[in-house]
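# Descriptive analysis of the structure
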Amino acid sequence: MQMNVFETLADPMRRTIVEALLGGEQAVGDIVDRVDIHQSGVSRHLRILHEAGFVRVRPVGPRRLYSLRPEPFRELDEWVSRYRSLWEARLDRFAAELNRRKKARTLKGKERRS
Amino acid sequence: MTKRITIERSFDAPIEDVWELWTTKEGIESWWGPEGFMVKVRKLDLRPGGDLEYAMIATGAEQVEFMKKSGMPPTTELRIRFTEITTHRRLAYDQKADFIPGTEPYDVATTVDFHTTAAGVRMVLTFDAMHDEHWTKMAVMGWESELEKLRKALQA
């Protein structure tokens, strides 16, 4: 099954594994040591993360070393940025409207005084 | 790890004005719509559990064209439901998020906190996840700070 980036990271164990990989390339055993998840669970989630393009694997002798790939995170980042920029634009208009009101009031005040 | 996005802005304005922009028909219509869209408030029931119903109408040439191309009508009827209203302090509401491709619509909870300062008003918007079946998808929103860490880790 092809999961999207959201579904892949919706699982707390997979997030924990990704966090463990933030420090750099690691073997399954190292990841198991760092997270409180059984080896079979770590392997299963690493496979899912691999299929979803979150991690890459590099065999070194008998060991398989896992590391993060930046692409899916860029996708997430873009999504969050879009959401944020939508709001930033809205708040620009919010600020403009506040200024307009302030000016209108100042103008009215002046008229009253004159 | 948090599951939130926060956006903060300070305004050199009285709290009454800021509050009005959020809680009156005229105020909401003045800024709520995205660029190239006009907002018309249909119903405003300002109380917890009450709804704000509004129409989002494409007015910019580019936006009208975009809606046409996407096979959508130029007017979209939308609704948010207020969950908390504390005058001049806090406003909270739920809104259906239906703009994420490939994902069923789900509720996003938004909280707006108003802090009156010597310089005016500091407004803090927090977008959080509802604890429903979709909340996990929203959890990734909290990845923002992690992403920064990751970017640095990958560049190193």
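Notes on the structure in this doc start here. (Residues numbered from 1 in each chain as written. Chains lettered and ligands numbered in written order. Predicted model: local features only at pLDDT ≥ 70, side-chain atom pairs only at ≥ 80, totals over all residues.)

## Focus: the overall build of chain B
- In terms of regular secondary structure, chain B is built from 5 helices and 7 strands.
- Along its sequence from the N terminus, chain B presents helices and strands in the succession β-α-α-β-β-α-β-β-β-β-α-α.
- In chain B, buried positions account for 16% of the 156 residues.
- Pairs at least 24 residues apart make up 43% of the contacts formed inside chain B by residues separated by at least 6 positions. (Helix = DSSP H or I, 4+ residues; strand = E, 2+ residues; numbered from the N terminus. Buried ≥ 20, exposed ≤ 12 C-beta atoms within 10 Å, placed from the backbone. Contact = placed C-beta atoms within 7 Å.)

## Concerning the overall build of chain A
- Along chain A, the regular secondary structure elements total 5 helices and 3 strands.
- Helices and strands appear in chain A in the N-to-C order α-α-β-α-α-β-β-α.
- Buried residues in chain A amount to 20% of all 114 residues.
- A sequence separation of at least 24 residues applies to 48% of the contacts in chain A between residues at least 6 apart.

## Here we look at the environment of Y66 of chain A
Residues and elements named next belong to chain A.
- Secondary-structure assignment places Y66 in strand β3 (residues 63–68).
- For the pair Y66 and L21, spaced 45 residues apart in sequence, the C-alpha to C-alpha distance is 7.8 Å.
- Not counting the four nearest positions on each side in its chain, Y66 is found in contact with L21, E25, Q26, I31, L46, V55 and V57.

## A short note on the pairing of strand β2 (residues 55–60) of chain A
- As paired strands, β2 of chain A and β3 of chain A are joined by 6 bridges and run antiparallel to one another. Residue V55 of chain A lies in a different strand from β3 of chain A, and its bridge partner there is L68 of chain A. (Pairing = 2+ DSSP bridges.)

## Comments concerning the sheet that holds strand β1 (residues 26–27) of chain A
Residues and elements named next belong to chain A.
- One open sheet holds the 3 strands; their spatial order is β1-β3-β2, and the pairing between them is antiparallel. At either margin of the open sheet sits one strand with a lone partner, and together these are β1 and β2.
- With respect to the sheet, helix α2 (residues 12–21) is in contact with β1, β2 and β3, its orientation differing from that of β3 by roughly 95°. (Axes fitted to C-alpha atoms, helices over the stretch in contact; angles between N-to-C directions.)

By themselves, these figures tell us nothing about what the structure is for.
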